[in-house]
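Summary of the model geometry
The residues making up each chain are set out below.
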Amino acid sequence: MTGTSLLYGNNYVKLAYKIKNDIREKYGFTVNIGIGENKLCAKMASDFKKPDRVHTLYMNEIETKMWSLPVNDLFMLGRSSARRLEELGIRTIGDLANTNKEVMVKKFGKHGLQMWEYANGIDESEVRYLPEKPKGIGNSVTLPIDVREKVALEKVILTLVEQVAYRLRKYNMYAN
């Protein structure tokens, strides 16, 4: 939402509730929305208590809202890294945040620095506004009933092919 205050004002929490409620009313499913000063904080906040919630995780809330969580709840931290951290006595995100940064780099390399930064709410990655070109394009559908007639199957396949062909043209890609 950075840079949208002229369009929507500065009350991002109020806007998030409106978006969340509009999605539930219009589409019939729930979403969690996270608000933070960077992508990491927004993502972590969106994973707090579910469902159908709006959460904030501002820099001044990291210690109270994030540090008590288990280390394996940290975004982008896999099972293997979590296991290695626990072997070192690092069980919570707060334990990780308060570990010496140089020790993390020595034990885990670049990934150690990233884990330490994330535990401290540091994420300087930029929000990408344009979607990246996909590596591959496909489409599928689960039919509600078994279809055995060739003509009916051809209609389904034609629909799928048209959707894939549209996306191939959109990204200037080819199929083989």
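This is a predicted model, so every value here is computed, not measured. (Residues numbered from 1 in each chain as written. Predicted model: local features only at pLDDT ≥ 70, side-chain atom pairs only at ≥ 80, totals over all residues. Heavy atoms only, no water.)

What about the nonpolar core?
- Residues Leu57, Leu74, Leu77, Leu85, Leu96 and Met104 are the most contacted members of the largest nonpolar core, which totals 24 residues.
- Residue assignment for this core shows that the elements contributing at least two residues are helix H3 (39-46), helix H5 (79-87), helix H6 (93-97), helix H7 (101-108) and helix H8 (110-119).
- Setting aside residues no more than four positions away along its own chain, Leu77 makes contact with Val71, Asn72, Ala82, Leu85, Leu96 and Met115. (Core = buried A, V, L, I, M, F, W, Y, C linked by side-chain atoms within 4.5 Å. Buried < 20%, exposed > 50% of the residue type's maximum accessible area, 1.4 Å probe, protein only. Helix = DSSP H or I, 4+ residues; strand = E, 2+ residues; numbered from the N terminus. Contact = heavy atoms within 4.5 Å.)

Some thoughts on the packing of aromatic side chains
- In this structure the tally under the stated criterion is 2 aromatic pairs.
- Ring centres of Tyr27 and Phe29 lie 6.3 Å apart, and the angle between their planes is 35 degrees; on these two criteria the pair is classed as tilted.
- For Tyr27, a relative accessible area of 54% corresponds to the exposed category.
- Under the relative-accessibility criterion, Phe29 is labelled partly exposed at 46%.
- On the basis of an interplanar angle of 25 degrees and a centroid distance of 6.4 Å, the ring pair of Phe75 and Tyr118 is categorised as stacked. With Phe75 in the loop between helix H4 (62-65) and H5 and Tyr118 in helix H8, this residue pair connects regions lying 43 residues apart in the sequence.
- Accessibility expressed as a relative area gives 11% for Tyr118, which makes it buried. (Phe/Tyr/Trp six-rings, centres within 6.5 Å; stacked < 30°, edge-to-face > 60°.)

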